[in-house]
Amino acid sequence: MNQPRLAKKEDMPRVLELIKELAVFEKEPGAVEVTLDMLESDGFGSQPKFTCFVVEVDGKVEGMALVYMRYSTWKGEVLHLEDLIVSQSQRGKNIGTQLLDEVVKYGKDLGVKRISWEVLDWNESAIKFYEKKGANVMRDWDVVQLNEKGIENYLNNL
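Keep in mind it's a predicted model, so treat the numbers as computed, not measured.

### Describing the pattern of salt bridges
Note on pairing: side chains with opposite charge can pair once their charged atoms come close. Applying the stated criterion across every chain yields a total of seven salt bridges. For Asp11, the salt bridge goes to Arg5, with nearest N and O atoms at 2.7 Å. Glu102 is paired through a salt bridge with Lys105; the nearest N and O atoms lie 3.9 Å apart. With Glu102 and Lys105 both in helix α3 (residues 95-110) and three residues apart, the pair spans about one turn of that helix. It is possible to trace a salt-bridge network through shared partners that takes in Arg5, Asp11 and Glu56.

Written as structure tokens, this is what we have:
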């Protein structure tokens, strides 16, 4: 197994497959709207919107971690881990640990004050994994979002 490396534009088709696999696991198979073109232009354009790390097994990308910068009014710069995905067939083989290690080293190198991410409350294996690594799973916080329709409804009611 190879060590994590920065993703290349050529990795994005497989990254998109992993994203779709995660959506199925999270019981939202139709929710993925991101396209290959979006991943390629957003991640590898003149001003990349994210950084992605991948791990290959036998020449095939089997895990990925996608991160981007945020700003905390309390802490300053924060690295946000959008997704850490390991293909189902490769779970339990240390790929998740390797990717999380890489994300934490990257955050440290950037000098961020915090690395943050979300985890579904029913995904006990992921919660245990993150807690074992020393992460604080803040069960008293709820994620709040406005989707596209919610944004439109909000604006229509101004």
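That shown, we press on.
### A closer look at the nonpolar core
In terms of nonpolar packing, the biggest core is built from 16 residues, with Ala65, Val67, Leu81, Leu84, Ile95, Leu99 and Val103 touching the most fellow members. Of all the secondary structure elements, the ones that give two or more residues to this core are β2 (51-57), β3 (60-72), β4 (76-86), α3 and α4 (124-132). Counting 15 residues, the second largest nonpolar core, distinct from the first, contains Leu18, Phe50, Met64 and Leu66.

### Quick notes on unusual backbone geometry
At Lys27, a position not held by glycine, the phi torsion is positive, near 65°. Checked against the element boundaries, Lys27 lands in the loop between α1 (12-25) and α2 (36-44). A relative accessible area of 61% means that Lys27 is categorised as exposed. Residue Asp58 is not a glycine yet carries a positive backbone phi of 50°.

### Observations concerning α3
For α3, spanning 16 residues, the distance from its first C-alpha to its last is 23 Å, which sits close to the expected 22 Å at 1.5 Å a residue. Within α3 the residues assigned to the buried category are Ile95, Gly96, Thr97, Gln98, Leu99, Leu100, Val103 and Gly107. As for α3, its buried residues are in contact with β2, β3, β4, β5 (114-116) and α4. Gly111 lies just past α3 and shows a positive phi near 80°.

Criteria and thresholds
- Residues numbered from 1 in each chain as written.
- Predicted model: local features only at pLDDT ≥ 70, side-chain atom pairs only at ≥ 80, totals over all residues.
- Heavy atoms only, no water.
- Salt bridge = Lys/Arg side-chain N within 4 Å of Asp/Glu carboxyl O.
- Helix = DSSP H or I, 4+ residues; strand = E, 2+ residues; numbered from the N terminus.
- Core = buried A, V, L, I, M, F, W, Y, C linked by side-chain atoms within 4.5 Å.
- Buried < 20%, exposed > 50% of the residue type's maximum accessible area, 1.4 Å probe, protein only.
- Expected span 1.5 Å × (residues − 1).
- Contact = heavy atoms within 4.5 Å.

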